Amino acid sequence: MEKPRFTSQVRPSATLWLHSELWPPRFQLEAWACLESTLGREAASNLWTTGWGICCALGSSAVKTLPKCQQIGPTRPGKRRPLVCGGVVLSSSVFLHVGQSWGGPGPLLQIMARWLQIRLLTWDVKDTLVRLRRPVGEEYATKARAHGLEVEAAALGEAFGQAYKAQSHSFPNYGLSHGLTSRRWWLGVVLQTFHLAGVRDAQAVVPIAEQLYEDFSSPGTWQVLEGAEATLRGCRKRGLRLAVVSNFDRRLEDILVGLGLREHFDFVLTSEAVGWPKPDSRIFHEALRLAQVEPAVAAHVGDSYHCDYKGARAIGMHSFLVAGPGHLEPAVKDSVPQEHILPSLSHLLPALVRLEGSPWGL
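In the nomenclature of an unreviewed UniProt entry, the protein corresponds to Haloacid dehalogenase-like hydrolase domain-containing protein 3 from the organism Equus caballus. We quote the UniProt Sequence similarities (unreviewed entry) comment for the protein here in full: "Belongs to the HAD-like hydrolase superfamily."

S.K.: When you look at the sheet that holds strand 8 (residues 120-123) in this model, what are you seeing that I'm missing?
M.R.: Two modes of strand pairing occur in sheets, parallel and antiparallel, and in both the strands are linked by backbone hydrogen bonds. In space, the 6 strands of this open sheet follow the order 12-11-8-13-14-15, with parallel pairing throughout. The open sheet has two free edges, formed respectively by strand 12 (267-270) and strand 15 (341-342), since each of these has just one partner strand. Here strand 13 (residues 298-302) pairs with strand 14 (residues 318-322) via 4 bridges, running parallel. Its bridge partner lying in strand 14, valine 301 is registered against phenylalanine 320. Strands strand 13 and strand 14 of the sheet are contacted by helix 12 (residues 305-313), whose axis makes an angle of about 165° with strand 14.

S.K.: Just to check I follow, could you spell out the pairing of strand 8 for this structure?
M.R.: When a strand is regular, its side chains alternate between the sheet's two faces. Covered by surrounding structure in strand 8 are Leu120 and Thr122 together with Leu121 and Trp123, the residues of both alternating faces. Pairing between strand 8 and strand 11 (residues 241-246): 4 bridges, direction parallel. Bridge assignment links leucine 121 to a residue of strand 11, and that residue is leucine 242. In this sheet, strand 13 lies alongside strand 8 in parallel orientation, the contact comprising 4 bridges.

S.K.: What should I look at first to understand the packing of aromatic side chains in this one?
M.R.: Between two aromatic rings, the relevant description is the distance of the centres plus the angle of the planes. Scanning the entire structure with this criterion turns up 12 aromatic pairs. Pairing tryptophan 185 with tryptophan 186 gives two aromatic rings, centres 5.0 Å apart and planes at 85°, and the pair type is edge-to-face. By the burial criterion, tryptophan 185 is buried, and tryptophan 186 matches it. Taken together through their ring pairs, the aromatic side chains of Tyr140, Phe160, Tyr164, Tyr174, Trp185, Trp186, Phe194, Phe216, Trp222 and Phe248 make up a single cluster. If you follow arginine 251 out to its NZ or CZ, it ends over the ring of tyrosine 213, 4.1 Å from the centre.

S.K.: Help me out: how do you make sense of helix 12 in this one?
M.R.: Working note: α-helix, 3.6 residues per turn, so residues spaced by three or four point in the same direction. Along helix 12, the residues classified as buried are Cys307, Asp308, Tyr309, Gly311 and Ala312. Elements in contact with the buried residues of helix 12: helix 11 (281-291), strand 13 and strand 14.

S.K.: Sorry, what's going on with helix 11 here?
M.R.: For helix 11, every residue scored as buried is listed here: Ile283, Phe284, Glu286, Ala287, Leu288 and Ala291. Looking at the buried positions of helix 11, the neighbouring elements they touch are strand 8, strand 11, strand 12, helix 10 (271-274), strand 13 and helix 12. One side-chain oxygen of the residue at the start of helix 11 lies 2.8 Å from the amide nitrogen of arginine 282, identifying that residue as aspartate 280. Downstream of helix 11 by one or two residues, glutamine 292 has phi in the positive range, about 60°.

S.K.: Can you walk me through the environment of histidine 285 in this structure?
M.R.: Assignment of secondary structure puts histidine 285 in helix 11. Note: C-alpha distance between histidine 285 and alanine 312 (27 residues apart in sequence) is 9.4 Å.

S.K.: Whenever I open this one, the nonpolar core confuses me. Can you help?
M.R.: Counting residues in hydrophobic clusters, the biggest one holds 55 residues, and the most contacted among them are Leu121, Trp123, Tyr140, Phe194, Phe320 and Leu348. With 6 residues, the single largest contributor to this core is helix 6 (residues 182-196). In this structure tyrosine 140 touches Leu156, Phe160, Val190, Thr193, Phe194, Leu212 and Phe216, once residues within four positions along its chain are discounted. With 16 residues, the next largest nonpolar core counts Ile283, Ala287, Ala291 and Met317 among its residues.

S.K.: Hey, could you run me through the side chain of serine 319 in this one?
M.R.: Looking at the secondary structure, you find serine 319 in strand 14. Here serine 319 falls in the buried class, since its relative accessible area comes to 2%. At 3.5 Å, the side chain of serine 319 forms a polar contact with the backbone oxygen of histidine 300. Every residue in contact with serine 319, bar those within four places of it in the chain, is listed here: His300, Asp308, Tyr309, Ala312, Arg313 and His340.

S.K.: When you look at the pattern of salt bridges in this model, what are you seeing that I'm missing?
M.R.: A side chain with one charge can pair with a side chain of the opposite charge if their charged atoms come near. Across all of its chains, the model carries 16 salt bridges by this definition. Residues glutamate 210 and arginine 183 are paired through a salt bridge, measuring 2.8 Å at the closest nitrogen-oxygen approach. Residue glutamate 210 is found in helix 7 (residues 202-215), and its partner arginine 183 is found in helix 6; the two are separated by 27 residues along the sequence. The exposure class of glutamate 210 is partly exposed, given its relative accessible area of 29%. Close ionic contact of aspartate 249 with arginine 251 constitutes a salt bridge, the shortest N to O distance being 2.9 Å.

Reading the values: the criteria
- Residues numbered from 1 in each chain as written.
- Predicted model: local features only at pLDDT ≥ 70, side-chain atom pairs only at ≥ 80, totals over all residues.
- Heavy atoms only, no water.
- UniProt positions renumbered as here; feature names shortened; annotations may be inferred.
- Pairing = 2+ DSSP bridges.
- Helix = DSSP H or I, 4+ residues; strand = E, 2+ residues; numbered from the N terminus.
- Contact = heavy atoms within 4.5 Å.
- Axes fitted to C-alpha atoms, helices over the stretch in contact; angles between N-to-C directions.
- Buried < 20%, exposed > 50% of the residue type's maximum accessible area, 1.4 Å probe, protein only.
- Phe/Tyr/Trp six-rings, centres within 6.5 Å; stacked < 30°, edge-to-face > 60°.
- Lys NZ or Arg CZ within 6 Å of the ring centre and 35° of its normal.
- Polar contact = N/O pair within 3.5 Å; in protein donor to acceptor, adjacent residues only side chain to side chain.
- Core = buried A, V, L, I, M, F, W, Y, C linked by side-chain atoms within 4.5 Å.
- Salt bridge = Lys/Arg side-chain N within 4 Å of Asp/Glu carboxyl O.

Below, the structure written as structure tokens:
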């Protein structure tokens, strides 16, 4: 008895679905392995528990190679409802009948004529869609000068990097678990920055820190990256739902409104609001829950390999890494497929077309 084939040398043009309860037991282990390697464990599990599983991906010219396989024609309108598995709607209009040579009682095979279709696109914001108009050191030095303190911008820029890293390590995600607010957290970063830059009078720095917190809440401190608005509009025209998933504080919503970007997004999730920073899987799962989609039909766009790219991929989402030429470390570049790297935001829409042009985005 010939076993069903799970791979083909022909470029797939249809994915065949077979009710797994009707499979001979000896085929089920191989079928599960195929599902898991094709879709990932989570999507495969969701699909399997519905009683349906992927049988094989074949080119249209290869369908006739299945043993005693004949098309029995489209069902009449209204006779069957489309089956939804893992967020993907399977066409119910065309069926194939498999004969006794498969060892079963003539189970039905369903052709899914549609490729993968991304339904939700989640976005990082800082250094993906917007960036500071001036380096942090320059902003800090300007505000210090207005309050009578002269501190070199370069020294403040270097000190800020050290202070931010230390504060993030001691009090992750704005210190929420330690009873801090994001405002107090940021004031602490500023105070430590000036201390490391040589300013020992903490009281003199307090009004500077308060002013900086307000300034960084203003859209005037930020600028929209080239191509961001056009790309967001293009995504909306494609019918995609858009959302923000960012390790930012609560000020982000107002910043996006002020920059004219908020209108593009169905919702905005910040790590302060939800309590989990990327790459924690829970913030990505919350986005999927709000959008009511499965990971297999969602993609994330961001500039951080660890927080954005790996965080989204870990739960079965597709992901794109925004990185200009020469901005990637060799180890990162070697671990990310070239088609997942975006030299600029203008490359996103063509990348989505390529992704959706492959079965299940492989």
